[in-house]
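Here is what each chain is made of, one letter per residue.
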Amino acid sequence: LEALCLVRIMLSCKKHDASDIKSALLPILLSDICKCVQEDWYKVISEALRVLMEIPGLLVLGSATKAEKDEVATSLYDAIEPRLSEHDLDQEIKECALSASASLVSVLHASLSPDQKNRILTLLLDRLKNDTTRIAAIKTLSKVGRAAKSSEDLDLTSVMNEALEQLALLLRQQSRSLKQSALECIDTLVLCLPESDIDMDEGLFDSVLKDLGEIIADTDLHICHLSLSASNSILKARPSTGALVKGHVLPASLELSKSALLQDPALTSLLNLLEQMVASGAIGFDELHKLLEAKMAGDGSKGSKQVISNLAQCIATIAVTSPSAKQEKFMKSTISAIKPSSTDVAATQLNLLVSGNFGRKVDVSKMKGVAQSMQKIYFESFDSSNEDIKHAAALALGRASVGAIDPFLPALLSALEGSSGKKQYLLFSSLREFIHCYRETEGSDLSSSVPMLLPPLEMNCGNEEEGVRAMVAECFGALACLEPKAILPVLQKLATDDSDKKVHIHWTVGNAVKFAIGGQINPTELAPFMPTFLELLKEDDLAVKNVALLMVYSAVHHAPQLVVGIMKEQVLPQLYELAQLNMERKIDLGPFKHTVDDALPLRKAALSVFSTCLDKCPSSLDIPAFMPVLAKALADVEDIQLQSHQIVHTLCAQHPIPLVQAADSFVAALEKTVNKKKGQKTGTELERVYEWIKSGLRVMLAISKLDGIIGARKFCDFADRIKKSKPHAPFLAQVENE
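Residues numbered from 1 in each chain as written. Predicted model: local features only at pLDDT ≥ 70, side-chain atom pairs only at ≥ 80, totals over all residues. Heavy atoms only, no water.

Novice: What's the story with the nonpolar core in this structure? I'm lost.
Specialist: In a soluble, globular protein the nonpolar side chains are often hidden away together inside. Counting residues in each nonpolar core, the largest one holds 266 residues, and the members touching the most others are Leu-52, Leu-431, Phe-476, Phe-533, Ile-703 and Phe-715. Of the residues forming this core, the biggest block, 11 residues, is contributed by helix 24 (residues 466–482). Leaving out residues up to four positions away in the same chain, Ile-703 has contacts with Val-648, Cys-652, Leu-659, Ala-663, Phe-666, Ile-709 and Phe-715. (Core = buried A, V, L, I, M, F, W, Y, C linked by side-chain atoms within 4.5 Å. Buried < 20%, exposed > 50% of the residue type's maximum accessible area, 1.4 Å probe, protein only. Helix = DSSP H or I, 4+ residues; strand = E, 2+ residues; numbered from the N terminus. Contact = heavy atoms within 4.5 Å.)

Pasting the structure below:
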């Protein structure tokens with residue numbers, strides 16, 4: 001057994017030369033491994049099958065000859081087939097035999113005879129009908145199906161009818177994992193179908209699509225996404241099923257389109273299906289357009305921005321698929337229906353977003369007068385009395401600029417020059433949307449437009465309005481991801497600005513870098529500039545310090561390599577200082593006074609950074625130096641204490657020695673926490689106090705279990721005292737039973 005484990009590890013390791021491993025395996029080990037499959041102990045049989053699972057891939061990496069592949073395929077088939085066909089076997093053997101057969105058929109199918117392939121496929125169907133091997137058989141079929149998609153000599157049509165029928169039956173089961181596996185398998189298998197096949201039971205698609213349509217609902221968006229994707233694959237593989245898709249799947253899809261929960265993969269799959277339906281002629285554009293617009297009415301959907309946004313994407317997607325002559329007519333109709341002063345706010349929002357989404361994918365400047373009309377209506381909508389219409393117009397302007405930069409972007413930037421207040425915020429929202437959408441465009445290159453974009457962004461870095469600065473920061477962050485060589489030097493220069501507006505400018509720069517890191521900027525491009533940006537931690541303004549801490553948090557979370565090398569010199573000293581900063585002030589409110597701690601957000605952010613460093617880059621931390629900071633944080637306000645408790649639990653697992661050495665310094669803070677008085681509190685406030693006490697007790701128990709804690713006499717006395725305390729007994733019992 002141990003020898004087989006060693007061989008499997010050697011075969012699966014990518015560090016060895018596959019040719020050398022293959023040369024040693026074939027003449028020496030292969031026959032013995034195949035004999036191990038006939039052993040009596042189930043552990044040996046299972047491990048031998050796992051070894052055989054690795055061999056087909058090794059032959060490909062080792063550039064095996066056809067003769068070698070044929071010889072190995074025959075040996076593997078002779079070893080695997082008996083175990084695959086037997087019924088009275090251990091569950092582990094059955095699953096390993098299925099996995100081994102998947103590897104054999106998907107990689108070495110060209111070396112197997114038609115009879116051998118059909119035998120394995122028939123056995124897979126048998127396993128698919130068995131409750132205990134169903135999931136493993138589905139995964140095996142999926143792997144074989146993926147291989148069949150890219151290979152002409154692996155034909156699954158002999159088992160396709162029965163496989164799809166069995167998988168469709170599984171969609172009616174209650175098990176979610178079973179449904180998920182079956183849907184993924186259907187999606188894979190139907191794409192293996194040839195364009196026409198007289199052996200396929202066309203009536204089967206009626207049953208499959210009916211079952212798919214019945215599980216499309218917003219109660220489970222992942223299952224919904226898989227069902228829509230499978231329906232789309234069937235329609236692609238068999239355009240003749242268009243009427244069935246329209247009858248069984250479209251009604252549920254239209255209901256889904258007006259769900260406020262619809263988003264991400266489920267929305268993408270819905271858009272792909274609607275696009276395929278129009279492209280394949282399953283339904284006409286005009287008919288589907290009317291059906292989607294009708295979903296705006298009723299069910300309270302008019303008030304939901306998410307519903308309007310989803311419907312707008314659906315309508316724009318099918319419009320892009322329609323013929324060009326119909327596209328121009330559709331756009332002119334949509335623009336003419338936009339009335340910024342209309343009382344039907346939802347319809348106006350919908351048409352604005354439809355026009356923007358359409359313009360994102362189609363260059364409207366090629367349509368006579370359309371681009372000019374769109375610009376005019378967007379700018380007019382900025383003066384609407386309704387905030388939702390203004391926001392929709394801003395998004396539409398940004399998206400339309402992606403498909404037609406030449407007419408839209410100069411107009412947007414020109415409008416920014418003379419704008420202020422709310423309109424300026426909306427225009428920067430449009431610019432941000434333009435940059436974000438442009439990033440998602442394949443082969444995007446915005447370098448020629450950067451010289452136009454920089455002046456308004458630089459000019460408004462110090463804007464008095466925080467909302468405008470936030471938009472500028474997002475624009476800079478997204479641009480830095482697209483064009484780091486042009487943008488990062490500009491941000492570096494702004495980070496050292498010493499003008500009267502330096503506080504606002506530095507705040508904007510910190511946010512911009514944070515957004516760039518979150519947007520997956522290339523760390524290699526950003527790393528040389530990080531020392532300059534980290535200097536923002538030393539700024540006097542609290543808002544700038546807070547933004548700088550959030551920037552560091554983003555760096556540690558997304559790209560630790562940006563700060564690991566300079567952590568001890570530039571980050572940790574400031575981190576320790578800010579984690580202990582206290583700036584309380586009293587506000588006189590007449591009858592009473594209220595205490596405000598301006599440094600509280602900084603302490604929270606500093607502890608968040610340290611906690612993330614423990615997960616992402618623990619080697620860059622000086623744990624003993626942090627212990628006095630942690631002791632002080634344990635005695636801070638409730639939110640800070642709870643953060644500190646989490647850090648202690650992490651340190652117990654990763655760095656127990658410094659924690660043991662500092663345990664005595666935690667006693668005063670923990671004693672105050674676990675002895676907190678409930679006063680006159682009731683209801684949720686009382687529950688909060690009890691949770692606070694239990695959190696402190698968890699920390700006490702975690703530390704008391706560490707090796708060497710007996711040397712911390714003060715802490716041990718405290719722990720013994722609390723464990724013997726009657727008031728704490730119920731809380732300790734609850735904590736120990738968790």
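Novice: Can you walk me through the environment of Pro-489 in this structure?
Specialist: For Pro-489, the position within the fold is in helix 25 (residues 484–495). A relative accessible area of 36% means that Pro-489 is categorised as partly exposed. Separated by 156 residues in the primary sequence, Pro-489 and Ser-333 have C-alpha atoms spaced 46 Å apart. Not counting chain neighbours up to four residues away, the residues in contact with Pro-489 comprise Pro-484 and Phe-529.

Novice: Looking at this structure, I do not really get the pairing of strand 1 (residues 584–588). What am I missing?
Specialist: Every other side chain in a regular strand lies on the same face of the sheet, so the side chains alternate between the two faces. When you tally the buried positions in strand 1, you get zero out of five residues, a small fraction of the element. In terms of strand pairing, strand 1 meets strand 2 (residues 593–597) through five bridges, oriented antiparallel. When the sheet's bridge partners are listed, Lys-586 is paired in strand 2 with Thr-595. Hairpin connection, strand 1 to strand 2: the antiparallel pair is bridged by four residues, and Gly-590 has positive phi, about 85 degrees. (Pairing = 2+ DSSP bridges.)

Novice: I'm lost on a nonpolar patch on the surface in this one. Help?
Specialist: A contiguous nonpolar patch, built from Leu-1, Trp-41 and Tyr-42 and spanning about 290 Å² of accessible area, is present on the exposed surface. Mapped onto the elements of the fold, Tyr-42 is located in helix 3 (residues 42–61). (Patch = residues over 30% accessible without salt bridge, like charges linked within 9 Å, V, L, I, M, F, W, Y side chains within 5 Å. Areas by Shrake-Rupley, 256 points an atom, 1.4 Å probe, with all protein chains shown as cover. Salt bridge = Lys/Arg side-chain N within 4 Å of Asp/Glu carboxyl O.)

Novice: Would you explain the packing of aromatic side chains in this entry?
Specialist: Ring pairs (aromatic) are described by centroid distance and by the angle formed between their planes. For the structure shown, the criterion picks out eight aromatic pairs. Ring centres of Phe-715 and Phe-718 lie 5.9 Å apart, and the angle between their planes is 65 degrees; this geometry places the pair in the edge-to-face category. On the criterion of helical spacing, the pair formed by Phe-715 and Phe-718 is a turn pair, its members being three residues apart in helix 37 (residues 713–724). Of the two residues, Phe-715 and Phe-718, both sit in the buried class. Between the NZ or CZ atom of Arg-469 and the centre of the ring of Trp-507, over which it lies, the distance is 4.7 Å. Above the face of the Phe-515 ring, Lys-514 is positioned so that its terminal group lies 4.9 Å from the ring centre. (Phe/Tyr/Trp six-rings, centres within 6.5 Å; stacked < 30°, edge-to-face > 60°. Lys NZ or Arg CZ within 6 Å of the ring centre and 35° of its normal.)

Novice: Can you help me understand unusual backbone geometry in this one?
Specialist: Among all residues except glycine, the phi angle is most often negative; among peptide bonds, the trans geometry is most common. Although it is not a glycine, Asp-264 sits at a positive phi angle of roughly 50 degrees. By secondary structure assignment, the location of Asp-264 is in helix 14 (residues 264–280). A relative accessible area of 52% means that Asp-264 is categorised as exposed. Positive phi values are uncommon outside glycine, yet Gln-520 reaches one of about 70 degrees. Here Gln-520 lies in the loop between helix 26 (502–518) and helix 27 (523–526). Look at Gln-520 and you get exposed, because its relative accessible area is 56%.

Novice: How should the environment of Ala-527 be read in this particular structure?
Specialist: The topology assignment puts Ala-527 in the loop between helix 27 and helix 28 (530–534). Separated by 27 residues in sequence, Ala-527 and Asp-500 have C-alpha atoms that sit 29 Å apart.

These figures capture arrangement, not role.
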